[in-house]
Amino acid sequence: MTASLTPDPRLRDLLGIQVPVFGFSHELDVVAAVSQAGGLGVWGATRSTPEEIKEGLASLRERLGNAPFGVDLVLPKGMPETNDRTSIEDTLPAGHRAFVEGIRERYAVPDDGLPGLRSRFVRSAEIEARQIQAVLESDANAFALGIGSPLEVVQAAKDRGKTVISLVGAPRHAQAALRLGADILVAQGYDAGAHTGPIGTFSLVPKIVDLAGDVPVLAAGGVATGRHIAASLALGAAGVWMGSAWLVTEENGTDPLLLKKLLAAGIEDTVISRADSGKTLRQIRTAWTDEWNAPGAPQPLPMPHQDILVGDLLGAIDRHQVEPLMHIPAGQSIGYFSAPATVKDVITSLTAEACEVLGRLSPES
């Protein structure tokens, strides 16, 4: 018996997708390609300026026509009110400054005087408000909330006809998102890249499905193959949310030095560190994570102080290709990808394998 990988009716009704694959990426080309392949491309825009968000979302609509797409913002609590870098710099401990300068000297990282992605603006209420407004004024179909789901943001998005997606890492997060009115939950397990919690995907997904009732749930964290999709559906998920898979695609345009690290990585070659932003971030293990994990290394500062502490250095590392320190967020699923491919090829392979597995597991008709 041959099974088909048609979307859950709830996902089809909400977003009109043809394949139950949500593809998260910081690259617009990847987002567009996922949506063009029948899934939902979701642009991670947290580190983009409000002006860049407005332009990026407009370009996606122009490229995709009526095809759906989404945008994701991280909205953590406790951020400073204003985009004032100087006030943050004035509070950075001398020991932390010295440690970061020591890394720069040991690896001969040029000090080019330029900010990095994490330090060109302060993660602040001021910036968040303008980012949110740019999303609300766009015609993006879905608004995903990575960390934090403020009630006023959820309501404003729903009032504008946007599907609200909340990423959750624990049952209590799911309960809060449901109370606020989330349309879709993403149950993101420990395996996942970037910001992730302590509960494994296999343990988390069924719990969130049970809590969600009629609200569809996507499985995230460790999803790399059609077998993972079939397993996610068996756990009660309506689809999957994937990020690491796209890092090795042609559309992502990954720096060749980083691409080599990604393709060589096994499932054991990622670590969770707070060294980039102050929040847990699963990434490829490199000299950067080793330095921050070494005896005597200081504890990373809370966000956004860690952003400002290390942001300029991280930018210089990438601009000048200081290979030992170059790194990228990635989940444990990266160990399944050993060669570059196009986004379309990845989705075609995923769906074919998922259909084969589901057909094999289904009783003969």
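Everything numeric here is computed off the predicted structure, so don't read it as measured data.

Participant: Mind showing me how you'd approach the overall build of the protein chain here?
Facilitator: On a plain count of helices and strands, the protein chain comes out with 14 helices and 10 strands. What you see for the protein chain is a C-alpha radius of gyration of 20 Å, in line with the 21 Å of a compact globule of 365 residues. In terms of principal-axis extent, the alpha carbons of the protein chain reach across some 70 × 45 × 40 Å. For the protein chain, with 365 residues in total, the buried portion stands at 55%. In the protein chain, the proportion of contacts linking residues at least 24 apart, taken out of those at least 6 apart, comes to 69%. Counting every atom, the protein chain has about 15600 Å² of accessible surface; 52% of that belongs to carbon and sulfur. The distance from the centre of the 31 positive side-chain charges to the centre of the 43 negative ones in the protein chain is 4 Å.

Participant: Please explain the pairing of strand β8 (residues 239–242) as it appears in this structure.
Facilitator: In regular strands, side chains alternate between the two faces of the sheet. In β8, alternate side chains face the same way, and those of Gly239 and Trp241 on one face and Val240 and Met242 on the other are all buried. Here strand β1 (residues 21–25) pairs with β8 via three bridges, running parallel. Across the sheet, the residue bridging to glycine 23 is methionine 242, located in β8. As paired elements, strand β7 (residues 217–220) and β8 share three bridges and run parallel to each other. The residue of β8 that forms the bridge with alanine 219 is valine 240. Crossover β7 to β8 through helix α10 (residues 226–234) is right-handed.

Participant: Looking at this structure, I do not really get the sheet that holds strand β3 (residues 69–73). What am I missing?
Facilitator: Within a beta sheet, neighbouring strands are joined by backbone hydrogen bonds and run either parallel or antiparallel to one another. One closed barrel accounts for eight strands, arranged β1-β2-β3-β4-β5-β6-β7-β8; its pairing is parallel. Mean inter-strand twist for the sheet, computed between neighbouring axes without regard to direction, equals 25 degrees. The strands that helix α7 (residues 151–159) touches are β4 (142–145) and β5 (163–168); relative to β4, the one it contacts most, it runs at about 170 degrees.

Participant: How should I be thinking about the nonpolar core in this particular structure?
Facilitator: Nonpolar side chains in soluble globular proteins tend to end up buried together. Core analysis: the largest hydrophobic core is formed by 56 residues, its most contacted members being Trp246, Trp288, Trp292 and Ile317. The set of elements that each furnish at least two residues to this core consists of α2 (28–36), α5 (94–106), α10, β8, α11 (256–264), α12 (287–293), α13 (305–319) and α14 (343–361). Per-element tally for this core: the top contributor is α14, with eight residues. Excluding residues within four positions of it along the chain, tryptophan 292 makes contact with Phe99, Val100, Ile103, Ala275, Ala297, Pro298, Pro300, Gln306, Leu309 and Val310. Leu64, Leu75, Ile132 and Leu145 belong to the second largest nonpolar core, which has 24 residues in total.

Participant: So what exactly am I meant to see when it comes to α10 here?
Facilitator: Residue pairs spaced three or four apart in an α-helix point in one direction, given the helix's 3.6 residues per turn. By the burial criterion, the buried members of α10 are Gly226, Ile229, Ala230 and Ser232. The buried residues of α10 occupy one face: seen down the axis, they fall within an arc of 160 degrees. Tucked inside the fold, the buried residues of α10 contact β1, β7, β8 and α14. Its side-chain oxygen placed 3.2 Å from the backbone nitrogen of arginine 227, threonine 225 serves as the N-cap of α10.

Participant: Mind showing me how you'd approach the pattern of salt bridges here?
Facilitator: For side chains bearing opposite charge, pairing can occur when the charged atoms are close. Applying the stated rule across the entire model yields 18 salt bridges. The partner of glutamate 51 in a salt bridge is arginine 130, with the nearest N and O atoms 2.5 Å apart. In this pair, glutamate 51 sits in helix α3 (residues 50–64) while arginine 130 sits in helix α6 (residues 125–136), placing the two residues 79 residues apart along the sequence. In this structure, aspartate 112 engages arginine 319 in a salt bridge whose closest nitrogen and oxygen atoms are separated by 2.9 Å.

Participant: Any chance you could explain the packing of aromatic side chains here in plain terms?
Facilitator: Aromatic ring pairs: the centre-centre distance and the angle between the two ring planes describe each pair. Under the counting rule described, the total for this entry stands at three aromatic pairs. Taking the centre distance of 4.7 Å and the plane angle of 70 degrees together, the rings of phenylalanine 99 and tryptophan 292 count as edge-to-face. Taken together, the positions of phenylalanine 99 in helix α5 and tryptophan 292 in helix α12 put the pair 193 residues apart, joining distant regions of the chain. This pair shows no difference in class: phenylalanine 99 is buried, exactly as tryptophan 292 is. For the pair tryptophan 288 and tryptophan 292, a centre-to-centre distance of 6.0 Å together with 55 degrees between the ring planes defines the contact as tilted. A residue pair is termed a helical-turn pair when its members lie 3 or 4 positions apart in one helix, as tryptophan 288 and tryptophan 292 do in helix α12 at four residues. Residue tryptophan 288 shares its accessibility class with tryptophan 292, and that shared class is buried. Positioned above the aromatic ring of tyrosine 190 is the side chain of arginine 282, whose terminal nitrogen or guanidinium carbon lies 4.6 Å from the ring centre.

Participant: Just checking my understanding: could you explain the packing of α2 against α3 for this structure?
Facilitator: Packed helix pairs are specified by the crossing angle of their axes together with the interaxial distance, meaning the distance between the axes. Closest axis-to-axis distance for the α2/α3 pair is 10 Å, and the angle between their directions is 35 degrees. Once α2 is placed against α3, the crossing between them reads as right-handed. Contacts between α2 and α3 involve Leu28, Asp29, Val31, Ala32, Ser35 and Gln36 on the former and, on the latter, Gly56, Ser59, Leu60, Arg63 and Leu64. Broken down by class, the residue content of the contact of α2 with α3 amounts to five nonpolar, four polar and two charged.

Participant: Which parts of the structure should I look at to understand the side chain of aspartate 183?
Facilitator: Its location among the elements puts aspartate 183 in the loop between α8 (171–180) and β6 (184–188). A polar side-chain atom of aspartate 183 sits 2.8 Å from the main-chain amide nitrogen of valine 164. The residues touching aspartate 183, leaving out its near neighbours within four places in the chain, are Leu14, Lys158, Lys162, Thr163, Val164, Val215 and Pro216.

Criteria and cut-off values
- Residues numbered from 1 in each chain as written.
- Predicted model: local features only at pLDDT ≥ 70, side-chain atom pairs only at ≥ 80, totals over all residues.
- Heavy atoms only, no water.
- Helix = DSSP H or I, 4+ residues; strand = E, 2+ residues; numbered from the N terminus.
- Rg over C-alpha atoms; globule rule 2.2 N^0.38 Å.
- Buried < 20%, exposed > 50% of the residue type's maximum accessible area, 1.4 Å probe, protein only.
- Contact = heavy atoms within 4.5 Å.
- Areas by Shrake-Rupley, 256 points an atom, 1.4 Å probe, with all protein chains shown as cover.
- Lys, Arg positive; Asp, Glu negative; His and termini not counted.
- Charge placed at Lys NZ, Arg CZ, Asp CG, Glu CD.
- Pairing = 2+ DSSP bridges.
- Right-handed = clockwise from strand over helix to strand, strands pointing away.
- Axes fitted to C-alpha atoms, helices over the stretch in contact; angles between N-to-C directions.
- Core = buried A, V, L, I, M, F, W, Y, C linked by side-chain atoms within 4.5 Å.
- Arc of directions from axis to C-beta.
- Polar contact = N/O pair within 3.5 Å; in protein donor to acceptor, adjacent residues only side chain to side chain.
- Salt bridge = Lys/Arg side-chain N within 4 Å of Asp/Glu carboxyl O.
- Phe/Tyr/Trp six-rings, centres within 6.5 Å; stacked < 30°, edge-to-face > 60°.
- Lys NZ or Arg CZ within 6 Å of the ring centre and 35° of its normal.
- Left-handed = near helix turned anticlockwise from the far one by under 90°.
- Nonpolar A, V, L, I, M, F, W, Y, C, P; charged D, E, K, R; others polar.

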